[in-house]
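# What the coordinates show
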Amino acid sequence: MENGESSYRRFLNGDETAFDEVVKLYLDSLIFFINRYVGDVMAAEDLAVDTLLELVIHPHRYDFKRSLKTYLFAIGKNKAFNYLKRHRRVEYTEKSDDFADLASLEDSVLANERSRELSHALDKLPDDMRICLHLIYFEELSYKDAAVVMKKSVKQIDNLLYRAKNQLRQMLPGDDFRA
Amino acid sequence: MRRTQEEICAEIRRRRDLYREKKRRQKRILMTTLPVVCLAVVMAGGLWKIAAPGILSDHIGESTTAAFDGDCQAASTMRTASEVPDAAPSQPILDGTDGKPSESGGISDSDPTGGVEGEEMTFEELLMPWDGVSQMCLTDLRTGRSATLEGTACQELLEEILYPVLIRSTDGAYDPVSCFAELILTVPDGGSLTVSFYEDGELTLDGEIYQTDSEGMAQITKLTDAVFEQND
């Protein structure tokens, strides 16, 4: 499969099937990322669909100057914030379906048990730290791209990461978190 | 249960088609109704121009009618302009596509990723949680020395020293220098706020960067000295 930018360019040039490639490439990681904010896999899935639909509804807003992933994650973050303004963050205490959904999502996004452990530890961090670590470690964005998504400066990202890693070290002794 | 990728792709295609169909329908309606609306406006303008002097003389009197005659064109123009609703400020943000308030909170030209609904938090609002700070823990990262203050002593220091420094601060730019002290404040809801002080006069309040001046730096030094002094 090609990268997201070239698939999207083909879609804009009239190849309708190319959009499915974009969806397959980013859908799971978008849901996983948005779920960090909203804490509800089903809502995260709907918001991820809305996010991808932005590429169709406003096709010329993306300028191909930065990565499509960064662009999509920035939209996803805004969608999640808007959702949270209307709903409270949901904790996983209600239905067993939620656990199953989250587990299946983790299976598709996280490579190993170690990543899963780290992912669960992130849930205990404050919002900004959790999102920052998620973007850097799980999505492997650069500090600059993470700063774009979070609408912060690179220095703030640096600072957040430093503090987040300190807290993680206390939670998961023996681990080494390097940027 | 979560949907499969194929189901989601199908949903996106369906919503994309709906959106395109809606745009086509809007365009068709616009092309049909626009000439009729234009004609109606022109006719109404003409009728108003003919009938207005008579109506005004019935209700207001001859002198006003005479004055109106000379300024009929301008008055008509002004009325037309005032009938057009003022653009954006008081209206909800539009997504620029279907004329309805955007579900996503609107997407402006300056921010292609779309904004977040509502206003950004002001600095004063950001400071509000400080009202009930119950404890402060200061660490001098150069010496490793740390001190903790609780109760009114810590409130007084915040109000007299740190608060004025932060109010004077403005947004800073990226310039990596080392952080020399860190202040962790415990707030009433049990959470904490972290203030980091940098050697170039920048300070971060829970990740947000602010820039202070030399006077502010002197105040910060005074604060650290006062915390350690009181702690001793």
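With that settled, the discussion passes to the side chain of H58 of chain A. Along the chain, H58 of chain A falls in the loop between helix 3 (41-57) and helix 4 (68-86). A distance of 2.7 Å separates polar atoms of two side chains, one belonging to H58 of chain A and the other to E54 of chain A.

Here we take up unusual backbone geometry. Residues and elements named next belong to chain A. The phi torsion at E140 lies on the positive side, around 55°, for a residue other than glycine. Locating E140 in the fold gives a position in the loop between helix 7 (127-138) and helix 8 (143-150). Phi is positive for K151, which is not a glycine, with a value near 55°. Structurally, K151 is set in the loop between helix 8 and helix 9 (154-171).

Detailed reading of the predicted model is not advised wherever pLDDT is low. Residue and element names in this part refer to chain B. Averaged over chain B, the pLDDT score is 64; the fraction of residues at 70 or greater is 48%. Looking at the elements of chain B, mean pLDDT is at its lowest for helix 3 (residues 72-83), recorded as 41, and at its highest for helix 1 (residues 5-59), recorded as 81. Confidence drops under a pLDDT of 50 for residues 70-109, and excluding neighbours within four residues, the segment shows 44 contacts in the predicted structure. Considering only residues more than four positions removed or in separate chains, one finds that residues 168-177, a stretch of pLDDT under 50, has 26 contacts. Both scores are given for the predicted complex: the pTM is 0.52, the ipTM 0.71.

Criteria and thresholds
- Residues numbered from 1 in each chain as written.
- Chains lettered and ligands numbered in written order.
- Predicted model: local features only at pLDDT ≥ 70, side-chain atom pairs only at ≥ 80, totals over all residues.
- Heavy atoms only, no water.
- Helix = DSSP H or I, 4+ residues; strand = E, 2+ residues; numbered from the N terminus.
- Polar contact = N/O pair within 3.5 Å; in protein donor to acceptor, adjacent residues only side chain to side chain.
- pLDDT = per-residue confidence, 0-100.
- Contact = heavy atoms within 4.5 Å.

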